[in-house]
Amino acid sequence: MSRPIDILLGRVRGHQRAPSDSKEFHELTKRDALRQLENDLDRLLQTADSEKRTALRLEMERFADLFGRFLQEEGPSIDWNKIQKLPANAVMDYSSLKSPKNDQIRCMLDKLVVIKLNGGLGTSMGCHGPKSVIPVRSDLTFLDLTVQQIEHLNKTYDANVPLVLMNSFNTDEDTEKIIRKYKGFRVQIYTFNQSCFPRISRESFLPVAKDFDVEKDIDAWYPPGHGDFYDTFRNSGLLKKFIDEGREYCFLSNIDNLGATVDLNILNKLVGEERDDKPVEFVMEVTDKTRADVKGGTLIQFEDKLRLLEIAQVPKEHEDEFKSVKTFKFFNTNNIWASLGAIDRVLRERTLNLEIIINNKTLENGLRVIQLETAVGAAMKCFDGAVGINVPRSRFLPVKKTSDLLLVMSNLYNLKNGSLVMSPQRMFPTTPLVKLGENHFAKVKEFLGRFANIPDIIELDHLTVSGDVTFGRGVSLRGTVIIIANHGDRIDIPAGAILENKIVSGNMRILDH
C-alpha cells in the first residue's frame, strides 16, 4: 500500500493524475501533512532561546509557506507547448551599450549596491570554512579580490559603493572574523544571513531536527538557495537603509564568479544617460551557451513574460531540447541587476512567486531528506521591464572545481585591481576546456601538490589529465593535450617540457639520482 508521502510525491515522480474520486483524499492528505509540519515547527520553536523566538517564528512561517506551496504544485510549472519565441528586444547585445561620460560615473556609482552570495562552503574542493576564503591568485582569496575591485572603483571615482555579503549559517561566523582585516580599506562592508530551514524527512514529511540547536545537529538544517535573498535582505533592514540613502539598484552575483565585476556600461543603461523612459527593473546577464553549459538555466518567454527556465522545471521528454545549443542559445550567468524600489514593491504586494527546486539528499546516517530551494533569477517574471543582456563570456568565470582554479591561477589571466583580465597574448577569446581526474586532482591541496608551478597554457585548447600525474616547473601545454596514467602507473611531466597536440600514456617516472 502506498504511504501518504508516496501519494504526495506522485506528481514529482511523473505518475499519472489519480482518478477524480481520490481528489478529496489527496487534499485531505496535503492538509494533514501541512498541519503536522506546522505542529512540529511549533514544537521546535519551544526549544529555541526565548529572545530569538520571535525572529525564528517568522522564519519558520516562511518555511511553512514554502512547504505549503510545494504540496500544492501539480507537476512541472512550465507547459512546454506554451513557451513562446523570445521577442527581438528581450535580450540586448552588450556591444550595443554605450560607455558613460567620466564626469557622470561617480553619481551613477552612488546609486549602486554590490551584493555577493557568500553562503557556500569549500568542502567540494576539500577546503574547510567559507569557499570565499580559498586562495585563488597570488595568495588572494575570492573575498580579497572582491574588496580590491570595489575599493579601486571607490578610489578612482571618489565614490562610496558598499559591499554586502549574504552569508549562511555555515559561513557567517568565519566571515565576520575575516572581514575585520578590511577595516582600513575604502569599502563599507555589510553582512546579513539567509534563512536556516529544516531538512524534511522523505518518509514522514516532518523536520529531522529534534531541537533548535543548529550547531549540534548541523545536518538537520540547510540554507534554502539564493532565491531567499529578497526576503532576508528586506528583513535585515538593509533594503530600506539603501533606498533611504538614495541608492537605486543592486548588482548581485556569486562570490566565486571572478568575472562578475561592476560593469559601468550596464550601470549606464540603468541609471545613467542611457536609461529608458520606462525603467528596466531587472537585468539578467546571459552569455552564449556552449556544450559545457547545457545544464545551465536559460531565458524563455512564457505567458508574455520573460523568465528563467531551469533544467529541474523541464519535463523529462524535453530535456534534450532544453540542452540544445540551437534551440536555447543563452544561459544564465547569475549576474543580476535589480531595482531596489521594485524589490520593495514586489515584497510589499506579495507578488514574488519563485518556482520551488526540490533537492533530494541522503545524509551520512542514511536518512533520506528533502530540501526545498528557490533561485534568485526566478524572480525575473515578477518585475516589469525585465531584460536579458548577452554579455561576453569573460563575465562568467566561476571557480567550482580545481580545473577552473588551474585556469584562473595560470598565465591565461593577468590580475589588475582585483579583476582578472585575459592575457593579450591569447590569440582567441575562448578559454581552454580542462578536465582533471577526480581521484587525484579534486581537492585543492592535492591539486597544488601535483604542480611545481602552474603550466603555461596561453596556447592550450583542451587538456585532459587522469590518474597519478605530476608536472615539473616551467611546463608548457599547447593545442590538445591528453595525459592518462593507468591504475598503478605514474607519469611525471619533466620540468621545461613542451607538449603540443600530444597524448601521453603508460608509465613515466623521473627519479632523483
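Right above here is the structure, for reference.
Residues numbered from 1 in each chain as written. Predicted model: local features only at pLDDT ≥ 70, side-chain atom pairs only at ≥ 80, totals over all residues. Heavy atoms only, no water.

Draft legend 1. A look at the environment of Asp172. Inspection of the secondary structure puts Asp172 in helix 6 (residues 172–178). A relative accessible area of 22% means that Asp172 is categorised as partly exposed. Separated by 42 residues in sequence, Asp172 and Pro130 place their C-alpha atoms 8.5 Å apart. Those residues within four positions of Asp172 in sequence are excluded, and the remaining contacts are Asn167 and Asn193. (Helix = DSSP H or I, 4+ residues; strand = E, 2+ residues; numbered from the N terminus. Buried < 20%, exposed > 50% of the residue type's maximum accessible area, 1.4 Å probe, protein only. Contact = heavy atoms within 4.5 Å.)

Draft legend 2. Examining the pairing of strand 22 (residues 460–466) more closely. With four bridges connecting them, strand 21 (residues 433–436) and strand 22 associate as parallel partners. What sits directly across from Leu433, in strand 22, is His462. Of the strand pairs in this sheet, strand 22 and strand 24 (residues 476–484) are connected by six bridges, and their pairing is parallel. Opposite His462, over in strand 24, you have Thr480 as the bridge partner. (Pairing = 2+ DSSP bridges.)

Draft legend 3. Spatial organisation of helix 12 (residues 402–409). Most of helix 12 is tucked away, with six of its eight residues classed as buried. Within the span of helix 12, buried status applies to Thr402, Ser403, Leu405, Leu406, Leu407 and Val408.

Draft legend 4. The arrangement of the nonpolar core in detail. Leu109, Leu112 and Phe471 are the most contacted members of the largest nonpolar core, which has 74 residues in total. Among the elements that make up this core, the one with the highest residue count is helix 5 (residues 142–157) (six residues). If you look at the next biggest cluster of nonpolar residues, it comprises 39 residues, including Phe192, Cys250, Leu252 and Ile343. (Core = buried A, V, L, I, M, F, W, Y, C linked by side-chain atoms within 4.5 Å.)

Draft legend 5. Broad picture of the side chain of Ser339. Looking at the secondary structure, you find Ser339 in strand 15 (residues 330–339). Polar contacts involving the side chain of Ser339 include one to the main-chain amide nitrogen of Gly341, which spans 3.4 Å. In this structure Ser339 touches Glu248, Tyr249 and Glu281, once residues within four positions along its chain are discounted. (Polar contact = N/O pair within 3.5 Å; in protein donor to acceptor, adjacent residues only side chain to side chain.)

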